[in-house]
Amino acid sequence: MTPAAAKEVQVDVEGRTLTISNLDKVLYPRTGTTKGEVLNYYAQVSPVLLPHLKDRAVTRIRWPHGVEGSSFFEKNAPAGTPSWVRTVEVSTTGSRTGKGDGTLRFPICDDLATLTWLANLAALELHVHQWTVDAKGVPRNPNRIVIDLDPGEPAGLHECARVALLVRDALAARDLTCSPVTSGSKGLHLYAPVPDTGPKSLDSEGTTALAREVAETLQKEHPDLVTATMTKAKRPGKVFLDWSQNSGSKTTISPYSLRGRERPTVAAPLTWDEVEEGAEDELALEQLTMEQVLERVAELGDVFEA
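Residues numbered from 1 in each chain as written. Predicted model: local features only at pLDDT ≥ 70, side-chain atom pairs only at ≥ 80, totals over all residues. Heavy atoms only, no water.

> What is the right way to read the overall build of the chain from this model?
When you go through the chain residue by residue, the secondary structure sums to seven helices and 17 strands. Compactness check: the chain gives a C-alpha radius of gyration of 20 Å against a globular reference of 19 Å for 306 residues, within 12% of the reference. Looking at the 306 residues of the chain, the share that counts as buried comes to 54%. Excluding contacts between residues fewer than 6 apart, the proportion of contacts in the chain whose partners are at least 24 apart in sequence is 67%. Summing over all exposed atoms, the chain offers an accessible surface of approximately 14,100 Å²; the carbon and sulfur share of this is 48%. Across the chain, the mean location of the 33 positive side-chain charges is 7 Å away from that of the 42 negative side-chain charges. (Helix = DSSP H or I, 4+ residues; strand = E, 2+ residues; numbered from the N terminus. Rg over C-alpha atoms; globule rule 2.2 N^0.38 Å. Buried < 20%, exposed > 50% of the residue type's maximum accessible area, 1.4 Å probe, protein only. Contact = heavy atoms within 4.5 Å. Areas by Shrake-Rupley, 256 points an atom, 1.4 Å probe, with all protein chains shown as cover. Lys, Arg positive; Asp, Glu negative; His and termini not counted. Charge placed at Lys NZ, Arg CZ, Asp CG, Glu CD.)

> Please explain the pattern of salt bridges as it appears in this structure.
Pairing is possible between side chains that carry opposite charge, provided their charged atoms lie close to one another. The tally for this structure, following the rule as stated, stands at eleven salt bridges. E125 is the salt-bridge partner of R259, the closest N and O atoms lying 3.1 Å from each other. With R259 in the loop between β17 (252-253) and α6 (272-280) and E125 in strand β9 (residues 123-128), this pair connects stretches of sequence that are 134 residues apart. Between E213 and R174 there is a salt bridge, and its shortest N-O distance comes to 2.9 Å. Within this pair, whereas E213 is found in helix α5 (residues 204-221), its partner R174 is found in the loop between α4 (157-172) and β13 (179-182), the two being separated by 39 residues in sequence. A relative accessible area of 40% places E213 in the partly exposed class. Exposure remark for R174: the relative accessible area of 28% places this residue in the partly exposed category. Look at the salt bridges and you will find they share partners, linking D55, R86 and D110 into a network. (Salt bridge = Lys/Arg side-chain N within 4 Å of Asp/Glu carboxyl O.)

> Before we go on, may I ask you to explain the sheet that holds β17 in this structure?
The strands that make up a sheet pair up through hydrogen bonds in the backbone, lying either parallel or antiparallel. Read from one edge of the open sheet, four strands run β6-β5-β9-β17, paired in antiparallel fashion. Each edge of the open sheet is held by one strand with a lone partner, namely β6 (72-74) and β17. Two elements, β9 and β17, share two bridges in a ladder whose sense is antiparallel. By the bridge assignment for β17, H127 is matched with I253. (Pairing = 2+ DSSP bridges.)

> I keep staring at the side chain of H129 and nothing clicks. Help me out?
Structurally, H129 can be placed in the loop between β9 and β10 (131-133). At 3.3 Å, the side chain of H129 forms a polar contact with the backbone oxygen of G248. A polar contact is formed between the side chain of H129 and the backbone oxygen of K250, at a distance of 3.2 Å. Non-local contacts of H129, meaning those with residues more than four positions away in its chain, are made with R56, A57, F106, R144, G248, S249, K250 and T251. (Polar contact = N/O pair within 3.5 Å; in protein donor to acceptor, adjacent residues only side chain to side chain.)

> What exactly am I supposed to notice about the nonpolar core here?
Soluble globular proteins: nonpolar side chains tend toward being buried together. By size, the foremost hydrophobic cluster in this structure holds 39 residues, and its most contacted members are Y41, Y42 and L126. Of all the secondary structure elements, the ones that give two or more residues to this core are β2 (16-21), β3 (26-28), α2 (35-53), β5 (58-62), α3 (112-120), β9 and α7 (290-300). Considering each element in turn, this core owes the most residues, nine residues, to α2. Mapped onto the domain boundaries, this core takes at least three residues apiece from domain 1 (8-139) and domain 2 (141-300). Apart from the residues within four sequence positions on either side, Y41 is in contact with Y256, L258, V266, M290, V293 and L294. Formed by 34 residues, the second largest nonpolar core is a distinct cluster that contains L157, L225, L270 and V275. (Core = buried A, V, L, I, M, F, W, Y, C linked by side-chain atoms within 4.5 Å. Domains from an automatic or database assignment.)

> Looking at this structure, I do not really get the sheet that holds strand β15 (residues 226-227). What am I missing?
Strand order in this open sheet of five strands is β13-β14-β12-β16-β15, and the pairing throughout is mixed. A strand with exactly one partner marks an edge of an open sheet, and here the two such strands are β13 and β15. Sheet topology places strand β12 (residues 144-151) next to strand β14 (residues 188-193); six bridges connect them, and they run antiparallel. Each bridged residue has a counterpart across the sheet, and for I145 the counterpart in β14 is A192.

> So what exactly am I meant to see when it comes to unusual backbone geometry here?
Negative phi values dominate among residues other than glycine, just as trans dominates among peptide bonds. The step from E153 to P154 runs through a cis peptide bond, and the omega angle for that step is 5 degrees. Mapped onto the fold, P154 is located in the loop between β12 and α4. The backbone of E14 shows a phi angle near 50 degrees, a positive value even though the residue is not glycine. Within the secondary structure layout, E14 lies in the loop between β1 (8-13) and β2. Among the residues examined, E14 registers a relative accessible area of 59% and is labelled exposed. Even without being glycine, D55 reaches a positive phi, approximately 65 degrees. Looking at where D55 falls in the secondary structure, it is placed in the loop between α2 and β5.

Read these as geometric descriptors, not functional statements.
Structure follows, in structure tokens:
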């Protein structure tokens, strides 16, 4: 057996045979976390992760040589994509009108076999749009609004928690509820479900406008804490409410996805009790690792309320 062959194993995942390689490769040098451990995390978290990926075109960020090496975004399904992986072609604008200068062929991760295949490609981060596709692969209207709370140093999760409560109230005033998720990086994400059909549905321009309205209103009401301006020079000590991720072409890290940071942190759903505690206590919130998230899921299930 050649050394290369010795590094490959064949596994059966829900009736699909996958060739898995380099299980011992260290993808997170700071913690020594291997590719095998990443695959194990995604397998264990899949019952709560896959519902968040269902029917969503997935953009991947891949770190083939680990997080201290180079990474790259990948939207199109790569060469060698198995025939059983569901894919969808959408306009490069991500719009429902189909207008644009081309199309992209995205994979959709609806099952554990596809998730395992992606993780084997060192696709640590899984980013998705706010819209889903129907059975024929046609994009629907968005079924959620997301607001990304991005703190400018020295602000951190404590300030994000304070702002999250303000956003929750602002959305409630518009008859919307929302669920908090750590970004796995620096801040928090808030997801508000909206109907994707019927008279109250909005296209991506509509959801973007609504998110921007909330952000700019809070900026006026709390100028020392909140900014809706993308310019980084405006952010020190404030929390930037990024409303732009509702654009049809933009994506957000999926809940329960790993991040390509120094440690294997995760975009982890929180309870509002935890956010309220974080708004009171500067040390109450932290970005959670994959081990912590698996413990939470085992104890609490999916706390994502939407």
